[in-house]
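# Structural overview
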Number of protein chains: 2
Amino acid sequence: MDEIAGAIADPVRRQILELLHQQRRSVGEIAEQFDISRPAVSRHLRVLRSSGLVSDELVGRQRFYMLHPEKLTQLIEWLARFGEPAGWERHLDALETEVYRTRRDRRTRHPSSSDDVKENTA
Amino acid sequence: MDEIAGAIADPVRRQILELLHQQRRSVGEIAEQFDISRPAVSRHLRVLRSSGLVSDELVGRQRFYMLHPEKLTQLIEWLARFGEPAGWERHLDALETEVYRTRRDRRTRHPSSSDDVKENTA
DNA sequence: ACAAAGGGTAACCAATTGGTTACGCATTGT
DNA sequence: ACAATGCGTAACCAATTGGTTACCCTTTGT
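The text that follows walks through the structure, step by step, so that each part is easy to find. On a predicted model such as this, the values are computed, not experimentally measured, just so you know.

### Overview of the protein's contact with DNA strand C
- Taken together, 21 residues surround DNA strand C, and among them R38(A), S42(A), S37(B), R43(B) and H44(B) come closest.
- The share of sugar and phosphate among atoms of DNA strand C within 4 Å of the protein is 59%.
- R38(A) is positioned such that a nitrogen or oxygen atom in its side chain is 2.4 Å from a base nitrogen of DNA strand C.
- For DNA strand C, a phosphate oxygen lies 3.3 Å from a polar atom in the side chain of D10(B).
- For the surface near DNA strand C, the secondary structure elements donating two or more residues are α3 (27-31), α4 (38-50) and β3 (62-67) of chain A together with α4 (38-51) of chain B.
- Tallied by class, residues from the surface near DNA strand C come to 6 nonpolar, 7 polar and 8 charged.

Dropping the structure here:
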């Protein structure tokens, strides 16, 4: 999970993940979106690759990258634990429920949203 | 959100957040858990403070830190979107528009690109 | 056969990060 | 009044990061 958190810490890499969420893309298509040089993009892709968040497939002379969103699950779950009460029994205050309220709102608006994060509806 | 992602990228800071999830703690209590020097802990706390994830309260000569878990919401939401099918981005809410506005800004800023991104779906 | 395109790697560089020790300053205890 | 405690800041240092340009290899197009 260390590598995942580190991979996400960079804004360029986060934007690359968003691009790949829509569809798989070649390196050229990705690099086109940024002001930095293509080798710089190449290294961001290497970081993402070694974190397992993306994989690549060589097609002709192009290399396509695709996202593996499942890799985010562990991090999401770690983060979501902070929305739960700390100890065994602890009363919910406004701060602790904030995260879950927002998620509930979103799910209500999107009937098909995923349920991979466990929830503890009080 | 940049600061949040960066704050979480460090393992020491993640562990500090876990300590503070249970209860508010003084700097001494926190530093006690690590092998690094107290000033090093102090700087990790400064990073967490400037990200808004924690705040501090001076009590006598001790300084207590406490967690603000609701600050994690934006990041959780961003991550959770990758579990949903792509294309829902058109469905606007505050979070999604912010991400897309940033992306559009960056792309508009370099007019050298001949075209929009080509769709090459198989 | 050869030129052009796609993309990774290497070498280098400046800026940032994360650690250290030394120090300062306010609060507490004697 | 003064020593000790709690904790932040400053100065410094090594390692990492993120960018650059130059170069190489493979694939495609003529």
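### Details of the sheet that holds strand β2 (residues 54-59) of chain A
All names here are of chain A.
- Pairing in this open sheet of 3 strands is antiparallel, and the strands run β1-β3-β2 from one edge to the other. Two strands lie at the open edges of the sheet, namely β1 (25-26) and β2, each paired on one side alone.
- Relative to β3, β1 runs antiparallel, the two being bridged by 2 bridges. Residue pairing across strands places R25 opposite Y65, the latter belonging to β3.
- Most of the contacts of α4 go to β2, to which it runs at about 120°, and overall it touches β2 and β3.

### As for the pairing of β2(A)
All names here are of chain A.
- Bridge count for β2 against β3 is 6 bridges, and the pairing is antiparallel. Note on β3: the bridge partner recorded for E57 is F64.
- Between β2 and the antiparallel strand that follows it, β3, lie 2 residues; G60 among them carries a positive phi value of about 60°.

### Some remarks on the protein's contact with DNA strand D
- In the vicinity of DNA strand D lie 21 residues, with S37(A), R43(A), H44(A), R38(B) and S42(B) positioned nearest.
- Each atom of DNA strand D within 4 Å of the protein was classed as base or backbone; sugar and phosphate made up 55%.
- Side-chain polar atom of S42(B) to a phosphate oxygen of DNA strand D: 2.2 Å apart, as the coordinates give it.
- Between DNA strand D and the protein, one listed contact pairs a phosphate oxygen with a side-chain N or O atom of R46(B) at 3.3 Å.
- Partitioned by chemical class, the residues of the surface near DNA strand D number 6 nonpolar, 7 polar and 8 charged.

### Quick look at the environment of E18(B)
All names here are of chain B.
- Positionally, E18 belongs in helix α2 (residues 11-22).
- Since its relative accessible area comes to 30%, E18 is described here as partly exposed.
- Residues E18 and L67 lie 49 residues apart in sequence; the distance between their C-alpha atoms is 9.0 Å.

Scoring rules and cut-offs
Residues numbered from 1 in each chain as written. Chains lettered and ligands numbered in written order. Predicted model: local features only at pLDDT ≥ 70, side-chain atom pairs only at ≥ 80, totals over all residues. Heavy atoms only, no water. Near = heavy atom within 4 Å. Polar contact = N/O pair within 3.5 Å; in protein donor to acceptor, adjacent residues only side chain to side chain. Helix = DSSP H or I, 4+ residues; strand = E, 2+ residues; numbered from the N terminus. Nonpolar A, V, L, I, M, F, W, Y, C, P; charged D, E, K, R; others polar. Pairing = 2+ DSSP bridges. Contact = heavy atoms within 4.5 Å. Axes fitted to C-alpha atoms, helices over the stretch in contact; angles between N-to-C directions. Buried < 20%, exposed > 50% of the residue type's maximum accessible area, 1.4 Å probe, protein only.

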